[in-house]
Amino acid sequence: MSRISFIIHGKHKHNNKLISNIRNVFGTSYEIIFCFTEKPLHAIELAKEAVLSGSKYIIGVCGDGTLNEIINGVMLSGNKEVTVGLLPNGTGNDFAKTVNVQNDIGLLKKMIESSSVKNLDLGLVTYTNTNGNRTQRYFDNIADIGIGGFTAQKMAGSSKRLGAFITFQWAIVSTFFAYKHQYAKINADDFTYEGKILSCIAANGKYFGAGLGIAPDAKPDDGLFEIVLASEISLWDYLKNLGKVRKCEKINHPYMRYFTAKEITIETPEKLPVDMDGEFIGYSPIQIKMVPEALKFICPL
């Protein structure tokens, strides 16, 4: 009997209906384990423990941030045969949009039973954590530096009562007023840039910021990041093109560049905050490397 561990964000801890629905759908064909996060980064520990205790499937009932933690826990376990899945139940659910995963327990079970699993790429970021130590962490969706990092830092621990999209837009627009375009030196596979930036994004998935399609050509299984570099972009430029970004269309602007790479290094004179899958994780300088076919993930083929 296969063991499935569901790692559920702590805010759903007392959601008896959710737990009951999962048990009813999966029945007695599987050994079902429920784990609940209690603090930041707890899902890393829970996922690693679940793998080491014999779970074949690790399913996140969560949003992008907790999914990132689950993936890091699975990668730390060293077990490459474990499969990760998702019931998107967060605020943004951006990665779910790229891989076309729905919050549907019955569909999740069908995909498990039909082995609807893809080998997805991951990014590996080397950065300076909040304790000042150089460290590494994986991401499944997007890592970025610049205004996105400052926005993630501002949103850390903030309420999202107004909804994810409005909350993110308020955070990014308010950050614009205080933000000064930052100097950066960027080296990628066959691209270099030195100058001021609004943001530099390494995208494995298409969406971030609660539904902004910032990287239309990104594919999480092609072995490449789509790099999106916004240099001298103003608040007016951002607002004027917001509709296109929400439709996941490229912006035609002289200060917008799109290219692909397997590795990118970003150096900055000052420490700049880093955003990873919607969470503030630490500071520059950063090195981002592609890890192809690193993760087994349940999604439509």
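Refer to the structure printed above.
Residues numbered from 1 in each chain as written. Predicted model: local features only at pLDDT ≥ 70, side-chain atom pairs only at ≥ 80, totals over all residues. Heavy atoms only, no water.

**Concerning the environment of Glu232**
We apply this condition: Only DSSP runs of H or I covering at least 4 residues are called helices, and only runs of E covering at least 2 are called strands; the numbering of each starts at the N terminus. Each residue's exposure class comes from its accessible area (1.4 Å probe, protein chains only) as a fraction of the maximum for that residue type: buried when under 20%, exposed when over 50%, partly exposed otherwise. Whether two residues are in contact is decided by their heavy atoms, any of which lying within 4.5 Å being enough.
For Glu232, the position within the fold is in the loop between β13 (225-230) and α8 (235-246). In this structure Glu232 comes out as partly exposed when scored by relative accessible area, which is 36%. Here the alpha-carbon distance between Glu232 and Ile197, two residues 35 residues apart in the chain, equals 6.2 Å. Sequence-distant contacts of Glu232, defined by excluding residues within four places in its chain, comprise His181, Lys196, Asp237 and Tyr255.

**Things to note about the environment of Glu69**
The condition is simple: For this analysis, a polar contact is any N or O atom pair within 3.5 Å, provided that within protein one partner can donate a hydrogen and the other can accept it, and provided that sequence-adjacent residues contribute only side-chain to side-chain pairs.
Tracing the chain through its elements places Glu69 in helix α3 (residues 64-77). For the pair Glu69 and Lys118, spaced 49 residues apart in the sequence, the C-alpha separation amounts to 19 Å. Beyond its immediate chain neighbours, meaning those up to four positions away, Glu69 contacts Pro40, Leu41, His42, Ala43, Ile44 and Arg137. For Glu69, the side chain forms a polar contact with the main-chain nitrogen of Leu41, separated by 3.1 Å.

**Concerning the side chain of Glu226**
Note the cut-off: When charges are counted, Lys and Arg contribute as positive and Asp and Glu as negative, whereas His and the chain ends are disregarded. By definition here, a salt bridge exists when the distance from a side-chain nitrogen of Lys or Arg to a carboxyl oxygen of Asp or Glu is within 4 Å.
Tracing the sequence through the fold places Glu226 in strand β13. For the buried Glu226, no salt bridge exists, and the shortest N-O distance to an oppositely charged side chain is 4.1 Å, to Lys250. In terms of polar contacts, Glu226 uses its side chain to reach the backbone amide nitrogen of Asp217, at 2.8 Å. Looking at Glu226, its side chain comes within polar contact range of the main-chain nitrogen of Ala218, at 2.9 Å. Excluding its chain neighbours within four sequence positions, the residues that come into contact with Glu226 are Ile201, Ala202, Ala203, Ala215, Pro216, Asp217, Ala218, Lys250, Tyr258 and Phe259.

**Description of the packing of helix α1 (residues 16-26) against helix α5 (residues 105-113)**
Formally: As a rule, the C-alpha atoms of each element are fitted with a line to give its axis, helices using only the stretch in contact, and angles between N-to-C directions run from 0 to 180 degrees. Each angle receives one of four descriptions, namely roughly parallel if under 35 degrees, roughly antiparallel if over 145, roughly perpendicular if within 65 to 115, and oblique otherwise. Put simply, a crossing is left-handed when the front helix is turned counterclockwise from the back one by less than a right angle, and right-handed when it is turned clockwise. Note on residue categories: nonpolar means Ala, Val, Leu, Ile, Met, Phe, Trp, Tyr, Cys or Pro, charged means Asp, Glu, Lys or Arg, and polar means any other residue, Gly included.
Between α1 and α5, whose axes approach to 10 Å, the crossing angle comes to 40 degrees. When the axes of α1 and α5 are compared, the pair comes out oblique. Note on packing geometry: the crossing formed by α1 with α5 is right-handed. Contact residues: α1 offers Asn21, Ile22, Val25 and Phe26, while α5 offers Ile105, Gly106, Leu108, Lys109 and Ile112. The residue inventory of the contact of α1 with α5, partitioned by class, reads six nonpolar, two polar and one charged.

**Concerning α5**
Counting along an α-helix, one turn takes 3.6 residues, and residues three or four places apart therefore face a common direction. In plain terms, the rule: The arc in question is formed by the directions pointing from the helix axis toward the C-beta atoms.
Regarding α5, the residues found buried are Ile105, Leu108, Lys109, Met111 and Ile112. Considered in projection along α5, the buried side chains sweep an arc of 160 degrees and stay on one side of the axis. The inward-facing, buried residues of α5 contact β1 (3-8), α1, β3 (57-62), β4 (83-88) and β17 (279-298). The N-cap residue of α5 is Asp104: its side-chain oxygen and the backbone nitrogen of Gly106 are 3.1 Å apart. Taken from the residues just after α5, Ser115 is the one with a positive phi, measuring 55 degrees.

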